[in-house]
Amino acid sequence: MAVPLSELNRMPDPQMVIVGEGVRLATYAWGDPDAPAVVIVHGFASSTRDNWVLTGWTRMLEQAGYFVLGVDQRGHGLSDKPHEPEGYDIRALASDLETVLDTYLVEEAQYVGYSLGARVGWQVAVDLPARITRVVLGGVPEGIPLARLDLDQVRAYIENGTAVTDRATQNYIALTERVPGNDLNALLALASGMRASRTIDPDTADAPQQPVLFATGSQDAIIEGSRHLASAAPQGRFLEIPDRHHFNAPGSRVFREAALAFLAER
């Protein structure tokens, strides 16, 4: 008997975790809390549901016997969406995830992140080497996250409805508006805050020491930068996701199956 689509895309009730200066993060859990844990963290302008549930990741990981812990990063999904750029420093985002692990009493976990979630994952792996055992970083940029976003055009679009002419910025806005509940002002604050911090480029001199699978679409403009990051990690390896660009790579079965096999290694 076929399983209804509504069940395949099941979202647990969100559990709110307070982080930082009172920011509430929406978190979601699947599976047995006593099973090995995998933390899944979405990309910019996405959410746990959009990045991981609708693409089959949560179902796959739960069926493989993992306790799956999803997090809507601040500014996304059902989490709070501050409009102050200073609230989006990369280390604040990484610290948010440490607080989530503490709240759920997860002492050790594997990590799967995509795009912004992968950039945060690099930092989490560096900061918590004894706690994060294996890492999957999909579509991780080598330089400043969202560097291709034209912030002035986004501001003009929000304030005056001025047409956006930059192609990359058009794509990011379309992605933002596609996901229900997104707040363009909050995502502009995120992009502005991360860029202003000037501390967000992954430091290849201080790469994660854990086994790391880097995976990027063959049609993604950042692919060579991702390869470079993989070469900097002592236990890094690289997967080129065939026929995928930055915005549709999470839905790749090749990516999902490679990640599952990687997480199962010991």
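Keep in mind that what you see is a predicted model, and the values were worked out from it rather than measured.

Trainee: Would you mind showing me how to read the side chain of Q110 here?
Mentor: Looking at where Q110 falls in the secondary structure, it is placed in strand β5 (residues 109-114). For Q110, the side chain forms a polar contact with the main-chain oxygen of L263, separated by 3.5 Å. If we ignore the near neighbours within four places in the chain, the residues touching Q110 are A37, V38, V39, Y66, T133, R134, L263 and R266.

Trainee: For this particular structure, what's the right way to read the environment of D96?
Mentor: Among the structural elements, D96 can be located in helix α4 (residues 90-103). Owing to a relative accessible area of 4%, D96 belongs among the buried residues under this scheme. Taking the C-alpha atoms as reference points, D96 and S79, separated by 17 residues in sequence, lie 12 Å from one another.

Trainee: Even after reading the chapter, I still don't get the sheet that holds strand β2 (residues 23-30), so can you show me in this structure?
Mentor: Working definition: the strands of a sheet are paired by backbone hydrogen bonds and lie parallel or antiparallel to each other. Taken together, the eight strands give an open sheet; going across it, the order is β1-β2-β4-β3-β5-β6-β7-β8, and neighbouring strands pair in mixed fashion. Each having just a single partner strand, β1 (15-19) and β8 (236-241) make up the two edges of the open sheet. Put simply, the sheet's adjacent strands are angled 20 degrees from each other on average, direction ignored. Of the pairings in the sheet, the one linking β5 to strand β6 (residues 132-138) comprises five bridges and is parallel in character. Paired with Y111 across the strands is V135, a residue of β6. Sheet strands in contact with helix α5 (residues 116-127) are β3 (37-41), β5, β6 and β7 (212-217), and its direction is about 145 degrees off that of β5. The sheet contacts of helix α9 (residues 223-232) involve β7 and β8, and relative to β8 the element is tilted by about 160 degrees.

Trainee: Just to check I follow, could you spell out the nonpolar core for this structure?
Mentor: Counting 57 residues, the largest nonpolar core has F44, L101, Y111, V120, V124, L137 and F214 as its most contacted members. When residues in this core are grouped by element, the largest group, eight residues, is from helix α8 (residues 184-197). Apart from residues lying up to four places away in sequence, V124 is in contact with A94, L97, Y111 and I132. Counting residues in hydrophobic clusters, the runner-up holds 24 residues, among them A26, W30, W52 and M60.

Trainee: What exactly am I supposed to notice about the packing of aromatic side chains here?
Mentor: The geometry of an aromatic ring pair is captured by the separation of the ring centres together with the interplanar angle, meaning the angle of the planes. The final tally for this structure, using the stated rule, is eight aromatic pairs. Ring centres 5.1 Å apart and planes at 80 degrees place the aromatic pair W52 and W57 in the edge-to-face group. Seen in terms of ring centroids, F67 and Y104 are 6.4 Å apart; in terms of plane orientation they differ by 50 degrees. Their pairing is tilted. Taken as a pair, F67 in strand β4 (residues 67-71) and Y104 in the loop between α4 and β5 lie far apart in primary sequence, 37 residues in all. Each residue in the set W52, W57, Y114 and F255 is aromatic and connected to the rest through ring pairs, giving one cluster. The ring of F262 carries R134 above its face, with NZ or CZ at 4.3 Å from the centroid.

Trainee: Please explain the packing of α4 against α5 as it appears in this structure.
Mentor: Between two packed helices, the angle of one axis relative to the other and the distance separating the axes together describe the packing. Running from N to C, α4 and α5 point in directions that differ by 75 degrees, and their axes come no closer than 9 Å. Overall, the two elements α4 and α5 adopt an arrangement that is roughly perpendicular. Of the residues in α5, those touching α4 at I90, R91, L93, A94 and L97 are L116, R119, V120, Q123, V124 and D127. Its residues assigned to classes, the contact of α4 with α5 comprises seven nonpolar, one polar and three charged.

Trainee: Would you mind showing me how to read the pattern of salt bridges here?
Mentor: Any two side chains of opposite charge can pair, so long as their charged atoms come close to each other. The final tally for this structure, using the stated rule, is 10 salt bridges. R24 serves as the salt-bridge partner of D80, at 3.4 Å between the closest nitrogen and oxygen. Linking D80 in the loop between β4 and α4 with R24 in strand β2, this pair joins segments that are 56 residues apart in sequence. The residue D152 makes a salt bridge to R155 at a minimum N-O spacing of 3.1 Å. Placement of both D152 and R155 in helix α6 (residues 151-160) is noted, with a separation of three residues, approximately one turn of the helix. For D152, a relative accessible area of 55% gives the class exposed. Looking at R155, the relative accessible area reads 31%, which means it is partly exposed. When salt bridges with common partners are traced through the structure, they connect R134, R237 and E265 into a single cluster.

Calculation notes
Residues numbered from 1 in each chain as written. Predicted model: local features only at pLDDT ≥ 70, side-chain atom pairs only at ≥ 80, totals over all residues. Heavy atoms only, no water. Helix = DSSP H or I, 4+ residues; strand = E, 2+ residues; numbered from the N terminus. Polar contact = N/O pair within 3.5 Å; in protein donor to acceptor, adjacent residues only side chain to side chain. Contact = heavy atoms within 4.5 Å. Buried < 20%, exposed > 50% of the residue type's maximum accessible area, 1.4 Å probe, protein only. Pairing = 2+ DSSP bridges. Axes fitted to C-alpha atoms, helices over the stretch in contact; angles between N-to-C directions. Core = buried A, V, L, I, M, F, W, Y, C linked by side-chain atoms within 4.5 Å. Phe/Tyr/Trp six-rings, centres within 6.5 Å; stacked < 30°, edge-to-face > 60°. Lys NZ or Arg CZ within 6 Å of the ring centre and 35° of its normal. Parallel < 35°, antiparallel > 145°, perpendicular 65-115°, else oblique. Nonpolar A, V, L, I, M, F, W, Y, C, P; charged D, E, K, R; others polar. Salt bridge = Lys/Arg side-chain N within 4 Å of Asp/Glu carboxyl O.

Bear in mind that shape data such as this cannot, by itself, settle questions of function.
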